[in-house]
Amino acid sequence: ALAVAVPGVTLGAMAGFAAAPAMAGTAQPHAPGFRYERISGFSNGLMNSLPVQVTGGFFDSGTLYASGPGLTLYLGQGRQYLSLGYVPTTPHVNPATCRVTIRVNTTMHIYGGTGQYFGYHGYGSASITETGAVPRINGHCSSPYNIIPSTAHTTFVGSAEVYRF
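What counts and what doesn't
- Residues numbered from 1 in each chain as written.
- Predicted model: local features only at pLDDT ≥ 70, side-chain atom pairs only at ≥ 80, totals over all residues.
- Heavy atoms only, no water.
- Core = buried A, V, L, I, M, F, W, Y, C linked by side-chain atoms within 4.5 Å.
- Buried < 20%, exposed > 50% of the residue type's maximum accessible area, 1.4 Å probe, protein only.
- Helix = DSSP H or I, 4+ residues; strand = E, 2+ residues; numbered from the N terminus.
- pLDDT = per-residue confidence, 0-100.
- Contact = heavy atoms within 4.5 Å.
- Pairing = 2+ DSSP bridges.

## Some remarks on the nonpolar core
No. 1: Core analysis: the largest hydrophobic core is formed by 27 residues, its most contacted members being Ile39, Leu73, Met108 and Phe156.
No. 2: For this core, the elements supplying multiple residues, two or more each, are β2 (50–56), β4 (70–75), β5 (78–84), β7 (99–113), β8 (120–133) and β11 (153–164).

Take a look at the structure:
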């Protein structure tokens, strides 16, 4: 079963992440001042982390982990700390197939980092989609939060303007 990592989002402490990053830690800032940053990742199955790519103001890759109420990006050139806004969600369950889709569009706050990302803060948005199937019990689909791990797929796309303070 998936635990709730972000209130209303069944991302199992952001579990369900398993895609391979395309780039090894090569953080390369583009320009001074503010930077536009995009974080993206995809998974098949449930895991405790989401491999991600960071593009825009930086080019890097690493892993997104849930860490309590926040998220931590472990990247090749340092860490970034993120939080997501609260958005109540209602999973959609197809009663014929017991397939579940959960979509969340919310705010994202990057509130610090280490290494190459030290001192960067900013706001933006994130989109999270999780799909999967739930067991059929006595002819009915079970709880939409009980996604079968081998059927889960999760995508995460976030973008923000970040500034060094």
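Don't stop here, the text continues.
## Description of the confidence of the model for the protein
No. 1: Of the residues in the protein, 78% have a pLDDT of 70 or more, and the chain-wide mean is 80.
No. 2: The element-level mean pLDDT for the protein is lowest in strand β3 (residues 60–67), coming to 88, with strand β6 (residues 92–94) highest at 96.
No. 3: Confidence over residues 1–31 falls short of pLDDT 50; this stretch has 102 contacts with residues more than four positions distant or in other chains.

## Details of unusual backbone geometry
No. 1: Unusually for a residue other than glycine, Cys98 sits at a positive phi of about 60°.
No. 2: Given a relative accessible area of 2%, Cys98 falls into the buried group.
No. 3: For Asn138, which is not glycine, the phi dihedral falls at a positive 50°.
No. 4: Note on placement: Asn138 falls in the loop between β9 (136–137) and β10 (140–141).

## Focus on the pairing of β7
One face of the sheet, then the other: side chains in a regular strand alternate in exactly this way.
No. 1: Where β5 meets β7, four bridges bridge the pair, whose relative direction is antiparallel. Paired with Leu84 across the strands is Met108, a residue of β7.
No. 2: Sheet topology note: the β6/β7 ladder contains three bridges and is antiparallel. Each residue of the ladder has a partner; that of Asn94, found in β7, is Arg99.
No. 3: Linking β6 back to β7 in an antiparallel pair, the connection comprises four residues, with Cys98 at a positive phi of about 60°.
No. 4: By the bridge criterion, twelve bridges tie β7 to β8 in an arrangement that is antiparallel. Looking at β8, one finds that Asn105 is bridged to Ser127.

## Regarding the side chain of Ser142
No. 1: Here Ser142 is to be found in the loop between β10 and β11.
No. 2: Ser142 gets classed as buried once you look at its relative accessible area, which sits at 15%.
No. 3: Setting aside anything within four residues of it in sequence, one finds Ser142 in contact with Val134, Pro135 and Ile137.

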